[in-house]
Every structure is written in structure tokens, then in C-alpha cells.
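# Chain and residue survey
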Amino acid sequence: MMAEDIQHNQKANFNGLTKSAKSGASKKLTIKNFKDRPELTDSYTEDTWIKLRDAVSAIQNSTSIKYNLEELYQAVENLCSYKVSPVLYKQLRQVCEDHIQAQIHQFREYPSSSRTESLDSLSFLKRMNRCWQDHCSQTIMIRSIFLFLDRTYILQNSLLPSIWDTGLELFRTHIVSDGAVQSRTVEGILEQIERERNGETVDRSLLRSLLGMLSDLQVYKDSFEQRFLTETNRLYAAEGQRLMQERDVPEYLHHVSRRLEEENDRVISYLDQSTQKPLIATVEKQLLGEHMNAILQKGLWMLLDENRVCELTLLYELLSKVKGGLMTLLQAWRDYIKSFGGEIVSSPEKDKELVQELLDFKDKMDHVTQRCFQRNDNFINAMKEAFENFINKRPNKPAELIAKYVDSKLRAGNKEATEEELERILDKIMIIFRFIHELSLFATLCVCLCVQYMQNQSDPSNIELTVNILTMGYWPSYTPMDVHLPAEVCVLILTDCLCLQGKKELQVSLFQTLVLLMFNESDEYSVEEIRTATGIEDGELKRTLQSLACGKARVLNKMPRGKDVEDADRFHFNSDFTHKLFRIKINQIQMKETVEEQVSTTERVFQDRQYQIDAALVRIMKMRKTLSHNLLVSELYNQLKFPVKPADLKKRIESLIDRDYMERDKENPNQYHYVA
């Protein structure tokens, strides 16, 4: 009877849903609550914890677990489902803490003998590493069993550390934070690193594991890094002092480079990444920063004299990493150029080779800046300043020798060098020429040498040559003109402006002054009246009036208004003139180039360029001997750096044919032959 009732209930009930039906009525679903969960007995909770504790103990002692892992996981889930999580967490933590506390004794009782200190230190590190590795694997295994607890109760309580973090905290508190254990661990690691720095082979995987342990336990910086950097500073300070006395500069630079590579490799292999910056800075300071001046004084000039490109490149790269390194190198580089170049210039017995030695020295320094100093603009500018400094210490002579050198090269022509080589030589000479202050002397010498050369020819002729050199102290002047100066202006003729005292102070040109002084006599004038009174030329007068009446500071008013000044315009003093500044500068309107001037300028430019066109034509025909018109024009456009009209090219070709530099082919008029 009991079995039948159960069977009947199973058919009538399914997941809390009960079907109730009457004949002739629709079916109806009724939702009911779940039945209450059965309560756990005290023995179940205790028995389950004993089972879990035995499993944890087996993991910690590396023995086999009696129970299935899935069964243990289900047991943890059952306990958490019945609100036993807080008790379970405390019990688990206590078991783990008791086990870790027992591990400390193996390190405290570990033998330490002065005779076998190195061996004991390495063995101690290995035992510490083994303990750490076992602890990590055990914690992972324990967490896999108590995963439900970790992901529910512990995760929901932010103040509670996870099972993994609990394991780290317990290991840090009871093992690593022990003064004697931590001290011996750190000293052992430092000893192994020092052995490696001295060239011995060490177990890098052991060091990587132990330093990773300190980092995971968050004691790396406090317990290890500070002592490590202190020992590094002490080691390299002593090494730098010793090697600077024992080795020459090239060998020392390679040693520093090798040390930096080793320390970077050490960071990659087992040190924490955060240690790299202070570690490299310590090495650079002790091996480079403290000996920077000694390195440059002892070896820079030798490296430059011997053209040691590799070591100079290394020196630049190393000093660029040190604060103030490049500036110190820059000053030493400048001093070397001044000293070496000064010896070349100041030795009269070397005058015959002076220019060639300057060219060679400049090439050498250019090569160093490009290959070794990474084309650093500061070094290039320092080189230019140094050349300008030493080359002008001996007045006049360098300019004279450069002029004679250019003359000798031009006289030799193609006998000593090809046209391309000669052009390269002249380009280099022009670079040296820019450093000379005595440009007028150079020009005079060039004229004299040119005249001597022409007079020595078999058919001398009259030569007229004028050379103008534009410098900062000279600029083309305006066309001179006669103007009418009032008496009060004659007193101030030595100044270039007249300052009108009063509410405002005007800084103006002489022409502007003449116009403004007229308005002391009357408030209004016409253009013709101003022209007659001042005597200023018409174009210059209109520009002057335009600056006073149409610019930003309008001291005069123009009627009618407009930007351009016409003959019928009238001007009167602007009594309402205001300006925020007390001292006002009224700029003159720039002179516009006229059409005639533009044409004249174009013609002069073409006159200068036609010689370049002729030279290019002769050079091409001399090389190719025979060319068609189209190919000749094409070659010409490739060589010329400025635009030329085809009609102008044709005129230059005809000119060369007339002067017997080239001739047309008798059968093909579009083909030319070079006439030797």
C-alpha cells in the first residue's frame, strides 16, 4: 500500500507542479514551494571536516589522498550550502598556518660553518627554493579542493584574502619575515650574483625562482633591491678606479659596454624589471660619470688622431647616457679642433701644405660627426665655430694661401684632376673660405692672380674686372637726391630720425621728418606743395606720404581716403591721433620693383647664366662627341639647376657654333659634333 501511494504521488507531482483536473473542466497548473532542506547532523559536519583535513595533510606531506577529489570538492560545496563557510575558512587557515610554522625549523637549524660557508649558502638557497616550490604547488592543490569556498564566501567578503593570498601571507609571515632566514637568503643571492659578475657560472633558474618569490611576497624592494644596489655601487666604484689606472681608454670603453650588456641581461634573466633603471644608472655613474673628464683627457685626442671610428662611436653612445656627458664631450671636441687646427695655421714652415691639410682635416672631422656623433647639430655647429676661431688667428695668410691654391688648381685644369674632381675640390675650398673674415683681401688676391694669368698669355688684352662683396656692414644704397632741409633739421643731420617731444614720441626717417615739420606751419597741404617744399623725388614722396597717412599709425589724414597717393590728394594734420604706446616707430613703405627693373634684373641673371649654359654645353659635347639636338637639350636640362627657355638654349648653341666649339653635321642639321 505504501509503495502504491509513493508511485501515485510521483505521477501526480513533478518539480513542484500538481495537475488538478475535473471532467468537463480545463486543466490547471498550481505552483507550490519546495520542501524544506533536511538539516545536517553535527556528526556530518565534523566527519566531513576530518576528511578534508586529512586530505590537506596528505597534500602537505606529499602522500596519497584517500578520497576522490570530486568527492572532496562536493563535501566543501555541501558545507558551504549549509552556512558553515566561516568555520570552514578558519579551520583551513589554521591547518595551513600550523604546517608553515613547522617548516621554519629546518632553516633555523641549518648548519652554518665558516669553512663551508659558500657550500652551505648555496645549499640553503636550494632548500629555500624547494620549500617555496612545494608550498606553491600545495596551495594550488588545496585551492582546487576548496574552490567553491574561494569563489563564494571568500569572494563575497572583501576583507578576507583568497586561499592563494592566504598562503602567500602565511609564508611571508612565518618564513621570509624571520630575520635570520631573510638575511641569509638575501646574502646568498647577493653572493651568487657577485660570483657571476666575477666570471663564474651560477644557477640562474635558482636565482630567478628565489627573486620571484621575494617579488610575489612583496618584500623584494625592502629586503633585496636596496642592498643589491648598494653592493653594485660599491663593486663598480672600486672597479672603475682600478681599471682607469690599468687600462687604456679604448679597452676601458669596451669593458664598460660589456658590463652594461651583462647587467641588462641579468635583468632579463632573473632580476625584477623595476630594478633595471636604478641598476643601469648606478653602473653608468660609477664607470662613466665619475671618470668622464679623465676618459676625455686621457683618450679623446688619441682616438681622434688615430681616427678610431669604432671607439669614438662607442664613446658618444656611452656618454649620451650620462647626465652632462654630451656637453662635456662637445667642449673637449671643440678644444681639440682649435688646438689641432691652430697648429696647422700657425706654422709658417707648413704654408705650402696648409690648404691641403685644412681640407683633409675638415674631411676627417666631417666623417667623425657623420659616423660617430650621429650628425648631431650641436657638434656640427661646434666644429664650424672652432674652424672659424683658429683659421682667423693668423691674419691675412690663410686667405692668401687659399687664393693661391685655387689659382693653382684652375691653372692645372684637367692635367691633375677630372672636371668632377676639380668641382669637388672647389666645393670643399668654398666651405673653408666661408670661415675667413678677410673676404676683401681674398677678392683682391683673386683679381691680381687673374690679371697675372692673363698677362702671361701669348695674346694679352685689356682686362676690366670689378668685384663687389656684400657683407653685414655694407648694403646697396638708394639713389642719391637733393632735398630741402629746414634749419632745425640741419642741427640733427647726424641722426636718422627726429623725435617730436610732446604727448607721443615718433621715430621716423629723414623724408618723413621733412614732411611732418611742414605741418608746424599749416594744417593742410597738397601733394604738389609738399613736393615743392621738400624737394623729394615724386616716387619717394608718395611712399613717404603713404606711410604717414595710410599705415597703422596715421599721423596725417588723406583726402580723399584710399591706399594709393595721387597728385590731387590733400593732407592735413590728424589732431585726433591716439596710440597705446608712447614711442611709435613709423615704418617706410617698401619700394616695389618696376617692370623695367624686373626686365633688367632678368636680363642680368640670364647674362650670368649664359656662361653656365655654355660651360654645360661644352662639357656634354666634349664627353659625348656627337649628339642629336633633342638628346643634347635633354642632357642639358638634366645638368642645369635653373629653368631655361628652349629658344634661349638654341641661341647658346648657335653662339657656340659661331665660335667653333661645335659644328652641325653636313648631312643632318639636327646633329652636332664637338670640335676639339
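Refer to the structure printed above.
Throughout what follows, the structure given in this document is the object of discussion.

What counts and how
Residues numbered from 1 in each chain as written. Predicted model: local features only at pLDDT ≥ 70, side-chain atom pairs only at ≥ 80, totals over all residues. Heavy atoms only, no water. Salt bridge = Lys/Arg side-chain N within 4 Å of Asp/Glu carboxyl O. Helix = DSSP H or I, 4+ residues; strand = E, 2+ residues; numbered from the N terminus. Buried < 20%, exposed > 50% of the residue type's maximum accessible area, 1.4 Å probe, protein only. Pairing = 2+ DSSP bridges. Axes fitted to C-alpha atoms, helices over the stretch in contact; angles between N-to-C directions. Contact = heavy atoms within 4.5 Å. 1 Å grid on protein atoms, 1.4 Å probe; cavity = no way out; pocket = protein on both sides within 12 Å on 5 of 7 lines; lining within 4 Å. Points joined across faces, edges and corners; volume = space filled by probe spheres on them. Phe/Tyr/Trp six-rings, centres within 6.5 Å; stacked < 30°, edge-to-face > 60°. Lys NZ or Arg CZ within 6 Å of the ring centre and 35° of its normal. Patch = residues over 30% accessible without salt bridge, like charges linked within 9 Å, V, L, I, M, F, W, Y side chains within 5 Å. Areas by Shrake-Rupley, 256 points an atom, 1.4 Å probe, with all protein chains shown as cover. Lys, Arg positive; Asp, Glu negative; His and termini not counted. Charge placed at Lys NZ, Arg CZ, Asp CG, Glu CD. Parallel < 35°, antiparallel > 145°, perpendicular 65-115°, else oblique. Nonpolar A, V, L, I, M, F, W, Y, C, P; charged D, E, K, R; others polar. Expected span 1.5 Å × (residues − 1). Polar contact = N/O pair within 3.5 Å; in protein donor to acceptor, adjacent residues only side chain to side chain.

## A word on the pattern of salt bridges
Under the definition given, this model contains 35 salt bridges. A salt bridge links Asp 265 to Arg 204, with the nearest nitrogen and oxygen atoms 2.8 Å apart. In this pair, Asp 265 sits in helix α13 (residues 249-269) while Arg 204 sits in helix α11 (residues 204-216), placing the two residues 61 residues apart along the sequence. On the basis of relative accessibility, which here comes to 24%, the residue Arg 204 falls in the partly exposed class. Linking Asp 363 and Lys 428 is a salt bridge whose minimum nitrogen-to-oxygen distance equals 3.1 Å.

## As for the sheet that holds strand β7 (residues 570-573)
In space, the 3 strands of this open sheet follow the order β5-β7-β6, with antiparallel pairing throughout. Unpaired on one side and paired on the other, β5 (524-526) and β6 (556-559) mark the two borders of the sheet. On average, adjacent strands in this sheet sit at an angle of 25 degrees to one another, irrespective of strand direction. Summarising the sheet, β5 and β7 pair through 3 bridges and their orientation is antiparallel. In the strand pairing of β7, Tyr 525 is matched with Phe 571. Its contacts with the sheet put helix α25 (residues 527-534) on β5 and β7, and the angle it makes with β5 is roughly 90 degrees.

## Comments concerning the environment of Pro 250
Inspection of the secondary structure puts Pro 250 in helix α13. Under the relative-accessibility criterion, Pro 250 is labelled buried at 5%. Considered as a pair, Pro 250 and Leu 312 are 62 residues apart in the sequence and their alpha carbons are 8.8 Å apart. Those residues in contact with Pro 250 that sit more than four places away from it in its chain are Met 302, Leu 303, Arg 308 and Glu 311.

## A short note on empty space enclosed by the protein
Inspection of the entire model under this criterion finds 1 cavity of 30 Å³ or more. In this structure, the largest cavity spans a volume of roughly 170 Å³. Taken together, 15 residues form the lining of the largest cavity, with Cys 96, Thr 139, Ile 142, Gly 167 and Leu 170 sitting closest to its centre. The set of elements that each furnish at least two residues to the lining of the largest cavity consists of α4 (85-103), α6 (117-145) and α9 (163-176). A per-element tally of the lining of the largest cavity places α4 first, with 6 residues.

## With respect to the packing of aromatic side chains
For the structure on display, the rule yields 18 aromatic pairs. Ring centres 6.4 Å apart and planes at 55 degrees place the aromatic pair Tyr 336 and Phe 361 in the tilted group. Within this pair, whereas Tyr 336 is found in helix α17 (residues 325-345), its partner Phe 361 is found in helix α18 (residues 354-371), the two being separated by 25 residues in sequence. For the pair shown, Tyr 336 and Phe 361 are each scored as buried. Taken together, the ring pairs connect Trp 301, Tyr 336, Phe 340, Phe 361, Phe 387, Phe 390 and Phe 435 into an aromatic cluster. A cation over a ring is seen here: Lys 51 above Tyr 67, with NZ or CZ 5.4 Å from the ring centre.

## Let's talk about a negative patch on the surface
Side chains of Glu 420, Glu 421, Glu 423 and Asp 427 sit close together on the surface and give a patch of like negative charge. Its place among the elements puts Glu 420 in helix α21 (residues 419-433).

## Points about the packing of helix α20 (residues 397-412) against α21
Between α20 and α21, whose axes approach to 11 Å, the crossing angle comes to 170 degrees. Judged by the angle between their axes, α20 and α21 are roughly antiparallel. Here α20 contributes Ile 402, Tyr 405, Val 406, Lys 409 and Leu 410 to the contact with α21, which in turn contributes Leu 422, Ile 425, Leu 426, Ile 429 and Ile 432. Counted by class, the contact of α20 with α21 contains 9 nonpolar, no polar and 1 charged residues.

## Here we look at helix α26 (residues 538-549)
With 12 residues, α26 extends 16 Å between its outermost C-alpha atoms, agreeing within 8% with the 16 Å of an ideal straight helix rising 1.5 Å per residue. Within α26, 9 of the 12 residues are buried, which leaves it mostly tucked inside the rest of the structure. Burial in α26 covers these residues: Glu 540, Leu 541, Arg 543, Thr 544, Leu 545, Gln 546, Ser 547, Leu 548 and Ala 549. Contacts made by the buried residues of α26 are with α24 (510-518), α25, β6 and β7. The N-cap residue of α26 is Glu 537: its side-chain oxygen and the backbone nitrogen of Gly 539 are 3.0 Å apart.

## Description of the sheet that holds strand β9 (residues 626-628)
Taking strand neighbours across the sheet as the criterion, the 3 strands line up as β9-β11-β10 in an open arrangement whose pairing is antiparallel. Looking at the sheet topology across the chains shown, the edges are occupied by β9 and β10 (662-664). Averaged over neighbouring strand pairs, the angle between their axes works out to 25 degrees when direction is ignored. Across 3 bridges, the pairing between β9 and strand β11 (residues 671-674) is antiparallel. Considered in β11, the bridge of Thr 626 is made with His 673. The sheet strands contacting helix α28 (residues 629-639) are β9, β10 and β11, and the helix crosses β9 at an angle near 95 degrees.

## Considering the side chain of Gln 138
Assignment of secondary structure puts Gln 138 in helix α6. Those residues in contact with Gln 138 that sit more than four places away from it in its chain are Ile 59, Gln 60 and His 99.

## Side note on the side chain of Gln 286
Secondary-structure assignment places Gln 286 in helix α14 (residues 276-287). Given the relative accessible area of 8%, Gln 286 is considered buried.

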